[in-house]
Amino acid sequence: MLAIQDLARVFETTFAPAARLAMMPLLALGVGMLLYLGADIVRGLRAARPLIFAGTIVVAFLAQLNIGFFLEEPPGLVLQGTYLASRETALWGCLFLLATLFAWLYSLGYYRRSRAFQPEHDALFLAAAAGMTLMAGAGDLVVFFVGLELLSLPLYALAAFRRAKLESVEAGLKYFLLGAFSSALFLYGAGLLYTAAGTLSIEALIAFVAAAPEQPSALAVVGGALIAASLFFKTSVFPFHLWVPDVYQGSPTPVTALMAAGTKAAAFAFLIRVAGILPENSMGVVAGIALATLAAGNLGALVQTDLKRMLAYSGVANAGTLLLLVVAAQAGIADAVTQQAALFYVLAYLASVVGAFGILSLLETDGARFTSVDSIAGLGRSRPMLSLALGLFLLSLGGLPATGGFLGKWFVFATLVEADLIPLAVVAILFSVIALAYYLRVIIALFMQPAPVGPAPTTLRLGGVLTTAACVLLVLATGLLPGLWLDLV
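Described in the following lines is the structure provided in the data block. Just so it is clear, the structure is predicted and the values come from calculations on it, not from any experiment.

1. Thoughts on unusual backbone geometry
Phase 1 of the analysis: Residues Phe238 and Pro239 are joined by a peptide bond in cis, for which omega reads 0°.
Phase 2 of the analysis: Despite not being glycine, Ser236 shows a phi value in the positive range, around 60°.
Phase 3 of the analysis: The topology assignment puts Ser236 in the loop between helix H9 (218-234) and helix H10 (244-250).
Phase 4 of the analysis: Take Ser236: its relative accessible area is 2%, and that puts it in the buried class.

2. Observations concerning the environment of Ile277
Phase 1 of the analysis: The residue Ile277 is located in the loop between helix H11 (253-273) and helix H12 (283-302) in this model.
Phase 2 of the analysis: Considering only alpha carbons, one finds Ile277 and Gly358, 81 residues apart in sequence, at a separation of 37 Å.
Phase 3 of the analysis: Excluding its chain neighbours within four sequence positions, the residues that come into contact with Ile277 are Leu193, Leu205, Ile206, Val209 and Gly224.

3. A short note on the packing of helix H6 (residues 141-159) against H9
Phase 1 of the analysis: Packing of H6 against H9 brings their axes to within 13 Å, and their N-to-C directions diverge by 30°. With respect to their mutual orientation, H6 and H9 come out roughly parallel. The interaxial crossing formed by H6 with H9 has left-handed handedness. Contacts between H6 and H9 involve Leu141, Phe144, Leu148, Ser152 and Tyr156 from the former and Ile227, Leu231 and Lys234 from the latter.
Phase 2 of the analysis: For the contact of H6 with H9, the residue count by class is six nonpolar, one polar and one charged.

4. With respect to the pattern of salt bridges
Phase 1 of the analysis: Evaluated as defined, the whole model comprises three salt bridges.
Phase 2 of the analysis: Here Lys174 and Glu170 are joined by a salt bridge, their closest N and O atoms 3.9 Å apart. Taken together, the positions of Lys174 and Glu170, both in helix H7 (residues 166-197) and four residues apart, correspond to about one turn of that helix.
Phase 3 of the analysis: For Lys174, a relative accessible area of 26% corresponds to the partly exposed category.
Phase 4 of the analysis: We classify Glu170 as partly exposed; its relative accessible area is 45%.
Phase 5 of the analysis: Between Asp246 and Arg309 there is a salt bridge whose closest N-O contact spans 2.8 Å. A residue pair is termed long-range when its members are at least 10 positions apart, and Asp246 in helix H10 and Arg309 in helix H13 (residues 307-330) qualify at 63 residues.

Cut-offs used in this document
Residues numbered from 1 in each chain as written. Predicted model: local features only at pLDDT ≥ 70, side-chain atom pairs only at ≥ 80, totals over all residues. Heavy atoms only, no water. Helix = DSSP H or I, 4+ residues; strand = E, 2+ residues; numbered from the N terminus. Buried < 20%, exposed > 50% of the residue type's maximum accessible area, 1.4 Å probe, protein only. Contact = heavy atoms within 4.5 Å. Axes fitted to C-alpha atoms, helices over the stretch in contact; angles between N-to-C directions. Parallel < 35°, antiparallel > 145°, perpendicular 65-115°, else oblique. Left-handed = near helix turned anticlockwise from the far one by under 90°. Nonpolar A, V, L, I, M, F, W, Y, C, P; charged D, E, K, R; others polar. Salt bridge = Lys/Arg side-chain N within 4 Å of Asp/Glu carboxyl O.

See below:
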């Protein structure tokens, strides 16, 4: 009887009202995934699967909005300090759900011709969204690792989802092998940190490192370096970026869209928070890695003829830009400032990169993939609105004024200036200018070159068109009306 009472007391303490509020988005995604799989078993409910998926995303999104905006005081650390539900984590969660919804809308009809679509596809999307949410709100390293695997395992399967295509199977296998190596690095690093500090709590680890900045523990230094290396793999930071072009090219394009936006955002949402685990004297190393990532991404994209590979290298360069915020956090800039800059940057990047990959998915047909620069030549005449949208997304990724991408980069560089890292900001800006060369090459092919002889693009799907329109509005709104988004973050 006493044991039952103790268990009830522990349950009541652990799942207090604040904890239940904090866990509502995750619970919504978990229940929605089970309902989706259950609807596939019952033949009469199979037609309702799209409604279940969309309803799950909407409910989880509303739960995140409730935490971020409608509560007078967000729950904060819950579940004995293992999960953080704050306004920032709620905003990150909204971005993850938005990326998942957009990628899913682009996937509708994408697999019809190749007959590769299976019901588990959407369930894996929901699992990936739950993993991203858990990563952003992790209060200790164990919870983050659970979220990391909850995101990674579905993406391994989704990358190889077109089992009849050799490049898709290769992408899934390569992503799985390198991802397993990354997970091993994280676990080894977490073990070393626990040995040094006796805790896996992020707050306690940051306090432990800050307590002895001049004489850091060797175990803590090596552990932090291994965890950083694992996160650098997930964010495609140099020199852990070599897998990105092959995996992005071989994966189904809607999956690539989710991978490009969601994985990078989830890892950086956590990395910026745990920058304090890295020793102070590592700031120069991180800055050098950020510049090397910018160089490798932009120079690698210059020589690509496949658009998916070009966007993959572009994503590497954008990871380098976001890594500069980690340098700013190490330099003493307040967490709220770096989080604000990261949230704005990721919102603009999400709309641009998901829209660009989404348009490529709309243009693909059986036997002819419109993903090379030559294959989209002259598309501005046959698909003027779609070409204009693709051009806008590319210009935003390049950081042209009046787009969200421009202001996103501006906030990052302004944060560096505030941290008195002006030389680093200048070099990063010079590397970023290179991006305009390969983006303009695609725009020239769209509008200034004759169309090649070949099959025409397939009929556009309504869901994809509406999603493209939403991405266009987000890119323009973040570029022309930034005050709306700054007030939110």
